[in-house]
Each structure stands twice: as C-alpha cells, then as structure tokens.
Amino acid sequence: MVPLSWYLVLAAFVFSCGLYGALVRRNAIAVLMGIELMLNGVNINLVAFWRYGDIIDKATQQVVRLDGQIFALFVIAVAAAEAAVGLALIISIYRNRKTVSLDQMDLLKG
Amino acid sequence: MTLSVLFFVLIGAISLAAAVGVVSSNHPVHSALFLLAHFGTLAILYITLEAQFLAAIQVIIYAGGIVILILFVIMLIGSEKIVNQAEHRTWTPYVGFALGIVLLGGLAISLLQGFTGVEPNAALLQGGSPQAVGLELFTRYILPFELAAVLLLVALLGALLLARRPKLKIEEQ
C-alpha cells in the first residue's frame, strides 16, 4: 500500500504549484486557476488523512466519521461558488476596463 | 514495489506534470486543459483512496463545471487579448519560483519524516460509497449542508448580478 506521506507530498507539490501560479501570474484567469490548484491540494490532504485515520467506533466496530470526505465536499462547493463569482468579476472588470491583467487593475491606487 | 505503488507513482507523475503545465503555459486555453487533466488524475487518486463518491463529484463539478466555465470566460474575452495583455516582470517569476521550492522542500522533508508507518484503515473500505457519504451528510452535517446551499444560491445571484450587461441609458441623453 502507498505510504501516507507520499500522498501528502503530492498534495504539497500541487499546493506549491498553485501558490506559485497565484502569486506570479499577471493574468486574472491564471490566478484563479492557481487558487483552484491550491484547493485541490488541500482536498488530497483531507481525503488521505481520512483514509489513513483511526475513526472507528470501538464498541460497534463500524465507521462513524467521514469528516475528511465531508470537508472535501464542502471545499468543492466553496470552490464552485468562488469560481463562479470570480469569473463574473473578471467579466465585469473586462467590460469596464478592457483588460484582465492584474497590473492594470489599479483603480484604487492613490 | 507492489502494483498499487507503481500505479500511484504513474498517476502522481501525470498529475504533477499537469499541475506544472497549468502554471507554466502562457496560453490560457492550454492552462485550462492542463487543469482538466489534473482534475482527472485527482479523481483516479481518490478512487485509490476508496473515496468513490468524491471521485465522481470531482469529475462532475471540477472537470465538468469549473473548467468549462473557465474555458467559456476565456473564449468570451478572447484568448489572444489575454496573452497580449499579460505583462512579464523580470524578477517576480524567479523570486516566486525560489520561494515555492523552499516551501515545497520544507513541507516534503517534514511530511516524509512525520508520517512513517501509518497504515490505511481497513474498516473504511465501504466508507466512500454514496450511501455512507449521504447518510453522514444528511444527519451529522445537515446544518453545514444547508449553509452550503445558501452559499451557492448567493454565489449564483452574485455572479448573475456582476456579469449582467449594464443598462443602456438612452433616455437620459
């Protein structure tokens, strides 16, 4: 069986990739994709810890908790909401300023 | 090296390559397609972790919903404009890359040292089925579930409001 730490290192790599994309890319859609990558790295962690965790009811010997999976489901729901609102914001900004570059979105700069 | 380890290494390598492709390709459509490949491999990894319902959800929502939405927006705006308008500052990619490597190295060292000898839980083999997840979701987690429904509704209304075409003010002129 695959060791738990391998899943965690994979998740760390995906999270680092997403962080790099969110910090370095100048294009708003690419930044959004970086954020999605980070959320997915977190999801791998949650599911791996759920699978390798010890959450068995000692009395009945049955599974009582699915915390990791439920958390991952809620992360997916929040990611869907975030993607919808983020892309709507990008469309709205593009309509007003004709750009999706984060460097040119400087309306609030004094 | 058993078959499951070999399978994990293969799928993990594809997943990592796709993740690197997402952040490194200049063309946004290529990034989105790499993101699709990455989500697909993650669904396979969820199946290896016995989370079958989550794997299906990953494919349906991420691959079928979010990536398609991103592709729609890229095509609405026009990918040429996005590529042309992307400015390249000289030093930020290198600093970001170095900091990312430092973060990854620190995390990997601590993770590889910290979790040795943890075995998967044999009693959780049926825990990833839709029945088990649904039972848990509608009993113990019913309040967060309803709150997520409200969140999605608000996000839907907000997205509609933000992306709506502004009214033309012809009568005032």
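Keep in mind that what you see is a predicted model, and the values were worked out from it rather than measured.

As for the pattern of salt bridges
All names here are of chain B.
Next, step 1: Tallied over the entire structure, the rule returns 1 salt bridge over all chains.
Next, step 2: Taking the shortest distance from any N to any O, the salt bridge between R140 and E136 comes out at 3.2 Å.
Next, step 3: Given a relative accessible area of 44%, R140 falls into the partly exposed group.

Quick look at the interface of chain A and chain B
Next, step 1: With 72 residues of chain A in contact, the opposing surface of chain B contributes 84 residues.
Next, step 2: Here chain A meets chain B over a buried area of about 7,300 Å², counting both sides, of which 74% is carbon and sulfur.
Next, step 3: In this assembly, chain A and chain B are joined by 0 salt bridges.
Next, step 4: Counting every contact that joins chain A to chain B gives 9 residue pairs in polar contact (both at pLDDT 80 or more).
Next, step 5: Those elements that provide at least two residues to the side of chain A that touches chain B are α1 (4–24), α2 (28–52) and α3 (67–97) of chain A.
Next, step 6: No other element matches α3(A), which puts 23 residues into the side of chain A that touches chain B.
Next, step 7: Grouping the amino acids of the side of chain A that touches chain B by side-chain chemistry returns 50 nonpolar, 12 polar and 10 charged.

What about the packing of aromatic side chains?
Next, step 1: This model, assessed by the stated rule, comprises 6 aromatic pairs over all chains.
Next, step 2: Aromatic pair F39(B) and Y62(B): ring centres 4.5 Å apart, planes at 40°, arrangement tilted. Of this pair, F39(B) sits in helix α2 (residues 28–48) while Y62(B) sits in helix α3 (residues 52–77), and the two are 23 residues apart along the sequence. Accessibility assignment for this pair places F39(B) and Y62(B) in one class, buried.
Next, step 3: Among the aromatic residues, those joined into a cluster by ring pairs are W6(A), Y7(A), Y52(A) and F8(B).

Describing the domain arrangement of chain B
Residue and element names in this part refer to chain B.
Next, step 1: Split by domain assignment, chain B resolves into domain 1 (1–82) and domain 2 (123–165).
Next, step 2: The C-alpha-based centres of domain 1 and domain 2 are spaced at 21 Å.
Next, step 3: Summing both partners gives a buried area of about 380 Å² for domain 1 against domain 2, and 64% of it is carried by carbon and sulfur.
Next, step 4: Remark: the boundary between domain 1 and domain 2 carries 0 residue pairs in polar contact (both at pLDDT 80 or more).
Next, step 5: Of the residues assigned to the side of domain 1 that touches domain 2, the class counts are 2 nonpolar, 1 polar and 1 charged.

A look at the confidence of the model for chain B
Next, step 1: With 86% of its residues at a pLDDT of 70 or more, chain B shows a mean pLDDT of 84.
Next, step 2: Across chain B, element-level confidence peaks in α2(B) with a mean pLDDT of 93 and bottoms out in helix α4 (residues 79–85) of chain B with 64.

Structural notes on the packing of α3(A) against α3(B)
Two measures define how a pair of helices packs: the angle their axes make with one another and the distance between the axes.
Next, step 1: Packing of α3(A) against α3(B) leaves a shortest axis separation of 11 Å and a crossing angle of 5°. Classified by the interaxial angle, the pair formed by α3(A) and α3(B) is roughly parallel. Along its contact with α3(A), which presents Q69(A), A72(A), L73(A), I76(A), A79(A), A80(A), A83(A), A84(A), L87(A), I90(A), I91(A) and Y94(A), the element α3(B) presents F53(B), L54(B), I57(B), Q58(B), I61(B), Y62(B), I66(B), L69(B), I70(B), V73(B), L76(B) and I77(B).
Next, step 2: Across the contact of α3(A) with α3(B), the residue classes break down as 22 nonpolar, 2 polar and no charged.

Describing the environment of I11(B)
All names here are of chain B.
Next, step 1: The residue I11 is located in helix α1 (residues 3–24) in this model.
Next, step 2: With 22 residues separating them along the chain, I11 and L33 place their C-alpha atoms 17 Å apart.
Next, step 3: Once residues within four sequence positions are removed from consideration, I11 is found in contact with T41, I44 and L45.

Examining the packing of α1(A) against α1(B)
Next, step 1: Packing of α1(A) against α1(B) leaves a shortest axis separation of 9 Å and a crossing angle of 5°. Relative to α1(B), the element α1(A) is oriented roughly parallel. Contacts between α1(A) and α1(B) involve W6(A), Y7(A), L10(A), F13(A), V14(A), C17(A), Y20(A) and G21(A) from the former and V5(B), F8(B), V9(B), G12(B), L16(B), A19(B), V20(B) and V23(B) from the latter.
Next, step 2: Of the residues in the contact of α1(A) with α1(B), the class split is 14 nonpolar, 2 polar and no charged.

Calculation criteria
Residues numbered from 1 in each chain as written. Chains lettered and ligands numbered in written order. Predicted model: local features only at pLDDT ≥ 70, side-chain atom pairs only at ≥ 80, totals over all residues. Heavy atoms only, no water. Salt bridge = Lys/Arg side-chain N within 4 Å of Asp/Glu carboxyl O. Buried < 20%, exposed > 50% of the residue type's maximum accessible area, 1.4 Å probe, protein only. Contact = heavy atoms within 4.5 Å. Buried area = accessible area lost by both parts, 1.4 Å probe. Polar contact = N/O pair within 3.5 Å; in protein donor to acceptor, adjacent residues only side chain to side chain. Helix = DSSP H or I, 4+ residues; strand = E, 2+ residues; numbered from the N terminus. Nonpolar A, V, L, I, M, F, W, Y, C, P; charged D, E, K, R; others polar. Phe/Tyr/Trp six-rings, centres within 6.5 Å; stacked < 30°, edge-to-face > 60°. Domains from an automatic or database assignment. pLDDT = per-residue confidence, 0-100. Axes fitted to C-alpha atoms, helices over the stretch in contact; angles between N-to-C directions. Parallel < 35°, antiparallel > 145°, perpendicular 65-115°, else oblique.

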